[in-house]
Amino acid sequence: MSSVQLSVAGVAAVAFAKKGSTSFNRLLAPPSARVCSSRSPSRGLVVRAATVVTPKYTSLKPLGDRVLVKLGAAEEKTIGGILLPSTAQSKPQGGEVVAVGEGKTFGDKKVEVSVQIGAEVVYSKYAGTEVQFNDAKHLLLREDDIIGILETDDVKDMKPLSDRVVIKVAEAEDKTAGGLILTETTKEKPSIGTVVAVGPGPLDDEGKRQPLSVSAGSTVLYSKYAGSEFKGADGTNYIVLRVSDVMAVLS
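This one's a predicted model, so the numbers in the text were calculated from it and none came from an experiment.

## Describing the overall build of the protein chain
On a plain count of helices and strands, the protein chain comes out with 0 helices and 20 strands. Counting over 251 residues, the protein chain shows a buried share of 40%. Here the contacts in the protein chain between residues at least 6 apart in sequence split such that 68% fall between residues at least 24 apart. Carbon and sulfur atoms provide 52% of the accessible area of the protein chain, an area that totals close to 14100 Å².

Structural data, given as structure tokens:
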């Protein structure tokens, strides 16, 4: 089977085969959780228009530790039911894994990509390169840009990847020290929470997983503007961030 390495900007390191096909299962809708990130991206590229793959290419194979994700649909309505114009619709940050690369090599050791085809994942807001393929939008990104795997429709059950942790955010104070009731807009954003799940740890230079310094159940203090925020099915606030953004364990 002949392959062509496509070097068009925005689709580097992807092999397109002229024969064969990739099976793309139906993408399940991601949970209706608000996702935001106030950090500047350290990896990835903001791509405003998808690179269109011409119909003569029938398969797309990610290389290395890259993953191809079929994007979920953008929210067309607000929680209150107001229809949003396309310019105001939030960019989806979840989708279904439809293809994975062969993994990373550390010397003579190869470590496979830890996410499986068919998994529902959430990824960093500014990660990857958008590709229009088989009449659907996809995102080509590195495994490290995937925040976690969604095993249910509730973010509290998210399985974080690599060095990330899922934290249940402590509730903001409703009153000032003098008894003044605070509105939602004037409440101070909390930076304390309880760890509910931890990732398997990052890979070292030999391809071995390094355990994280925090564990589930720990109360921690974290950097105020780090991570990606989510809202659980019951309205509880969660944040997913790298363990390096956890500043202290409280007891």
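Structure's up, so let's keep going.
## Observations concerning the environment of Asp-145
Mapped onto the fold, Asp-145 is located in the loop between strand S12 (136–142) and strand S13 (146–149). Once the C-alpha coordinates of Asp-145 and Ser-162 are considered, the two residues, 17 residues apart in sequence, prove to be 9.7 Å apart.

## Observations concerning unusual backbone geometry
Even without being glycine, Asp-135 reaches a positive phi, approximately 60°. Structurally, Asp-135 can be placed in the loop between strand S11 (129–133) and S12. Phi is positive for Ser-162, close to 55°, though the residue is something other than glycine. With respect to the helices and strands, Ser-162 occurs in the loop between strand S14 (159–160) and strand S15 (164–169).

## Comments concerning the side chain of Asp-204
When you line up the elements, Asp-204 lands in the loop between strand S16 (192–198) and strand S17 (219–222). No salt bridge is formed by the buried Asp-204; its nearest oppositely charged neighbour, Lys-208, is found at 6.2 Å. For Asp-204, the side chain forms a polar contact with the main-chain nitrogen of Lys-208, separated by 2.8 Å. Within polar-contact distance, the side chain of Asp-204 engages the side chain of Gln-210 at 2.8 Å. Those residues within four positions of Asp-204 in sequence are excluded, and the remaining contacts are Phe-106 and Gln-210.

## Describing the sheet that holds strand S10 (residues 120–123)
Here we have 8 strands laid out as an open sheet, ordered S4-S11-S12-S6-S7-S10-S13-S14, and mixed in their pairing. Strands with a single pairing partner mark the edges of an open sheet, and in this sheet they are strand S4 (51–52) and S14. Strand direction decides the pairing type here: strand S6 (residues 66–71) and S12, joined by 5 bridges, are antiparallel. Along S12, the bridge assignment pairs Val-69 with Leu-139.

## Topic: the pattern of salt bridges
Enumeration over the complete set of coordinates arrives at 6 salt bridges. Close ionic contact of Arg-142 with Asp-65 constitutes a salt bridge, the shortest N to O distance being 2.8 Å. Placement of the pair is Arg-142 in strand S12 and Asp-65 in the loop between strand S5 (59–62) and S6, with a sequence separation of 77 residues. The exposure class assigned to Arg-142 is partly exposed, which follows from its relative accessible area of 35%. Take Asp-65: its relative accessible area is 8%, and that puts it in the buried class. Where Asp-163 meets Arg-242, a salt bridge forms, and the shortest distance between an N and an O atom there is 2.7 Å. With Asp-163 in the loop between S14 and S15 and Arg-242 in strand S19 (residues 237–242), this pair connects stretches of sequence that are 79 residues apart.

## Focus: the pairing of strand S7 (residues 94–100)
Of all 7 residues making up S7, 6 are buried, and the element is well covered by its neighbours. Of the strand pairs in this sheet, S6 and S7 are connected by 5 bridges, and their pairing is antiparallel. Bridged to Val-69 within S7 is Val-97. Pairing of S7 with S10, which is carried by 3 bridges, proceeds in the antiparallel orientation. What sits directly across from Gly-95, in S10, is Val-121.

## Examining the environment of Val-169
Here Val-169 lies in strand S15. Taking relative accessible area as the criterion, Val-169 reaches 16% and is therefore assigned buried. As for Val-169 and Lys-231, which are separated by 62 residues in sequence, their C-alpha atoms are 10.0 Å apart.

What counts, and at which threshold
Residues numbered from 1 in each chain as written. Predicted model: local features only at pLDDT ≥ 70, side-chain atom pairs only at ≥ 80, totals over all residues. Heavy atoms only, no water. Helix = DSSP H or I, 4+ residues; strand = E, 2+ residues; numbered from the N terminus. Buried < 20%, exposed > 50% of the residue type's maximum accessible area, 1.4 Å probe, protein only. Contact = heavy atoms within 4.5 Å. Areas by Shrake-Rupley, 256 points an atom, 1.4 Å probe, with all protein chains shown as cover. Lys, Arg positive; Asp, Glu negative; His and termini not counted. Salt bridge = Lys/Arg side-chain N within 4 Å of Asp/Glu carboxyl O. Polar contact = N/O pair within 3.5 Å; in protein donor to acceptor, adjacent residues only side chain to side chain. Pairing = 2+ DSSP bridges.

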